[in-house]
Protein chains: 2
Amino acid sequence: MQIAMIGDKMVPLAKLEPIYCDRGFYFGDGVYEVVRSYDGKMFALEEHLARFKKSLSAIKIEGVDTDQVRKRVQKAFEGAGIANAKIYFHVTRGSAPREHSWEVDLKPNFFLTVTELPDKTTIKNKGISVSSCPDLRWKRCDIKSLNLLANVLARQDATKKGSAEAILVTERGLITEGAASAFFAIFGQTLQTAPLTANILPSITRKYVIKAGKTIGLKIVEESLMPEQARSADELFIAVTTQDIVPVVKFDNKTIGGGQPGKYTISLIEEFRTFTR
Amino acid sequence: MQIAMIGDKMVPLAKLEPIYCDRGFYFGDGVYEVVRSYDGKMFALEEHLARFKKSLSAIKIEGVDTDQVRKRVQKAFEGAGIANAKIYFHVTRGSAPREHSWEVDLKPNFFLTVTELPDKTTIKNKGISVSSCPDLRWKRCDIKSLNLLANVLARQDATKKGSAEAILVTERGLITEGAASAFFAIFGQTLQTAPLTANILPSITRKYVIKAGKTIGLKIVEESLMPEQARSADELFIAVTTQDIVPVVKFDNKTIGGGQPGKYTISLIEEFRTFTR
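Keep in mind it's a predicted model, so treat the numbers as computed, not measured.

Rules used throughout
Here the residue numbering is sequential within each chain, running from 1 through the sequence in written order. All chains are assigned letters beginning with A, and all ligands numbers beginning with 1, in the order in which they are written. Totals for whole chains, interfaces and linings use every residue, but because this is a predicted model, local features are given only for residues with pLDDT of at least 70 and side-chain atom pairs only at 80 or more, for both listing and counting. In computing side-chain properties, one takes all heavy atoms of the structure into account and sets aside hydrogens as well as water. Here the copies are matched by least squares. The fit uses the C-alpha atoms of residues with pLDDT of at least 70 in both. Accessibility here uses a 1.4 Å probe with only protein chains present; expressed as a share of the type maximum, an area under 20% marks a residue as buried, one over 50% as exposed, and anything in between as partly exposed. Helix and strand assignments follow DSSP, with helices taken as H or I runs no shorter than four residues and strands as E runs no shorter than two, numbered in order from the N terminus. A pair of strands counts as paired when DSSP detects no fewer than two bridges linking them. Note on contacts: a residue pair is in contact if any heavy atoms of the two residues lie within 4.5 Å. We define buried area as the total accessible area lost by two parts upon association, computed with a 1.4 Å probe and summed across both. By salt bridge we mean one thing: a side-chain nitrogen of Lys or Arg within 4 Å of a carboxyl oxygen of Asp or Glu. Two N or O atoms form a polar contact when they lie within 3.5 Å of each other; inside protein one atom must be a possible hydrogen donor and the other a possible acceptor, and for residues adjacent in sequence the pair counts only when both atoms belong to side chains. Ten residues, namely Ala, Val, Leu, Ile, Met, Phe, Trp, Tyr, Cys and Pro, are considered nonpolar, four, namely Asp, Glu, Lys and Arg, are considered charged, and the remaining ones, Gly among them, are considered polar. Expected helix span is taken as 1.5 Å per residue step, with the number of steps being one fewer than the number of residues. To get an axis, fit a line to the C-alpha atoms, keeping to the stretch in contact for a helix; angles then go from 0 to 180 degrees between the N-to-C directions.

Novice: Explain the relation of the copies chain B and chain A residue by residue, including any values.
Specialist: What connects the two chain copies is a rotation about an axis and a shift along it. At an RMSD of 0.0 Å, chain B and chain A line up after a rotation of 180 degrees and a shift of 0.0 Å along the axis. The superposition of one copy onto the other is thereby described by a two-fold rotation axis. In terms of proximity to the rotation axis, the leading residue of chain B is Trp138(B), whose C-alpha is 1.9 Å off the axis.

The structure is reproduced here in structure tokens:
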């Protein structure tokens, strides 16, 4: 008899709950999004849904109705009643016996959580330390997939070094992005970040940061940075959905901008706030 | 109230079963093994356990007792009573709210299935077609992790082309291995396969193939092949735990060895059989 074992518990395979045979488990075969709300209002939901659709299409998960996803997100957000909420959702290709290839009629699985975002005002006022780490990820980081082991290991490496984020560096010595954030440098009145390639997630926060940068009169340069350049920047920051802009005051133990969030970074945070109201 | 949603069903987050918060889901944060039995006898279990231990250590999952894993595998295998069984097992870092970094006291989750292997005699007698595909995987393919989306997409690409396996080719034009197998070529009396690097899984079947190759008098060369070279080989085959040696009779639509399994490949299959008795 075919069987399964969960911890020490044996069960007939036929009686196993489908969640255990989810391809999300076996292969990380799924894509996800994280949306947040500011004071009861969701931010950039449509852009997240559009990116989600692209991710689904890139890994060929079919039959997911974006309108239905939107309704679920809204229903869950309203049901939770959390003003500053983090809404995580993923779709996996479905539950099936473990085979790399998949059957076309497989039904995708949807999962979502709504949690309360902790208040990060202190961190944003103080700034964070980051440390560089080799970028070991796969070659399609433009897809927001559940294959995040390289990101997890990089983040843990940063944590171990007392940093809040890992900044990923390719074999060629170029910074791509953070383990779970976009990365920006300011030199004079120039805002620099890596260009969008297959190595980079098309971050929605990044897009709004660039918009804010233009508004406050910064010149935008989309060119990859080397860690030496980052260390010599006037200001550094990361951008991520859950916290938008977070100033970086230390890069690989080198103090940036006298150890204080930079003036343009602070202006960008203020400008960003106007988008989220 | 923090909530979760499974499909259309909303549940309080506090009442969500831990399986839904498994880091295997969120990040593919786990490692696995596949062992098989031949006529009621497990093959190379100790080597699989040793590799599993290395994989766990490489991604820093602590607190997993290999002796306990062995006992579980044996108990499940005996409980199933399947002569030609495929035993899949994985350990994930544990269940926790979704954060990239992890708490040191997190308890790993163990999961296993024992299923019946289909009889592949016909396929082994006939040989299979394979097709090349860009190797988009991460930079630590020596770790047998649950981050397998690149493998899945490559395999599906092969399936679409009417092939049974995808042969992965790096940006530099070198073959690493199959989406879920090792890859071998025979030129004259030389058996060639890629060397073990961070790009390659240290396949246990590969090790036994090399042993068999030496026994039947083949010269072993561990050097990467280019697809052009593979197309000009006298014989090709893949090696994978569940099927050991499978002859390849077509590579990217080019017929190999007159479309029949090669003589040395057949000898290797016979020699391999002596290890599994």
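Novice: I'd like to hear about the pairing of strand S3 (residues 30-38) of chain B, residue by residue, with values.
Specialist: Along any regular strand, the residues point their side chains to alternate faces of the sheet. Residues and elements named next belong to chain B. Most of S3 is tucked away, with nine of its nine residues classed as buried. Side chains Gly30, Tyr32, Val34, Arg36 and Tyr38 of S3 all project onto a buried face; the interleaved residues Val31, Glu33, Val35 and Ser37 project onto the opposite face, where all are buried too. Pairing geometry for S3 and strand S4 (residues 41-42), over two bridges, is antiparallel. Residue pairing across strands places Ser37 opposite Met42, the latter belonging to S4. Between S3 and S4, which pair antiparallel one after the other, the connecting turn spans two residues, and Asp39 there sits at a positive phi close to 45 degrees.

Novice: Would you mind going over the interface of chain B and chain A in detail, with residue names and values included?
Specialist: Counting residues at the interface gives 69 residues for chain B, matched by 69 residues for chain A. Summed over both partners, the interface of chain B with chain A buries about 6300 Å², with 63% contributed by carbon and sulfur atoms. It is Met5(B), Phe25(B) and Leu149(B) that lose the most area in chain B upon contact with chain A, and together they represent 12% of the buried surface on that side. Across the pair Asp8(B) and Arg72(A) runs a salt bridge, and its minimum N-O distance is 2.8 Å. Summed over the shared surface of chain B and chain A, the number is 28 residue pairs in polar contact (both at pLDDT 80 or more). Secondary-structure elements contributing two or more residues to the side of chain B that touches chain A are strand S1 (3-6), helix H1 (23-27), S3, helix H3 (66-80), strand S5 (85-92), strand S6 (109-116) and helix H5 (149-160) of chain B. Tallying contributions element by element places H5(B) first for the side of chain B that touches chain A, with eight residues. Each residue belonging to the side of chain B that touches chain A can be placed in one class, and the counts come to 35 nonpolar, 17 polar and 17 charged. Bridge count between strand S1 (residues 3-6) of chain A and S6(B): four bridges; the pairing is antiparallel. Its bridge partner lying in S6(B), Ile6(A) is registered against Phe111(B).

Novice: Help me get a handle on H5(B), residues and values and all.
Specialist: Residues and elements named next belong to chain B. In a regular helix each residue adds 1.5 Å, so twelve residues correspond to 16 Å; H5 covers 16 Å between its end C-alpha atoms and thus fits that length. When you tally the buried positions in H5, you get nine out of twelve residues, the bulk of the element. Buried within H5 are the following residues: Leu149, Ala150, Asn151, Val152, Leu153, Ala154, Arg155, Gln156 and Ala158. After H5 finishes, the residue Gly162 shows a positive phi value of roughly 80 degrees.

Novice: Give a detailed account of the sheet that holds S6(B), specifying residues and quantitative values.
Specialist: If you trace the six strands from one edge of the open sheet to the other, you get S2(A)-S1(A)-S6(B)-S5(B)-S3(B)-S4(B), paired in antiparallel fashion. Each end of this open sheet is capped by a strand with a single partner; those strands are strand S2 (9-12) of chain A together with S4 of chain B. Lying on the sheet, helix H2 (residues 45-58) of chain B is in contact with S3, S4 and S5 of chain B; it crosses S3(B) at an angle near 175 degrees. Taken strand by strand, H3(B) contacts S1 and S2 of chain A together with S3, S4, S5 and S6 of chain B, and its axis lies near 30 degrees from that of S6(B).

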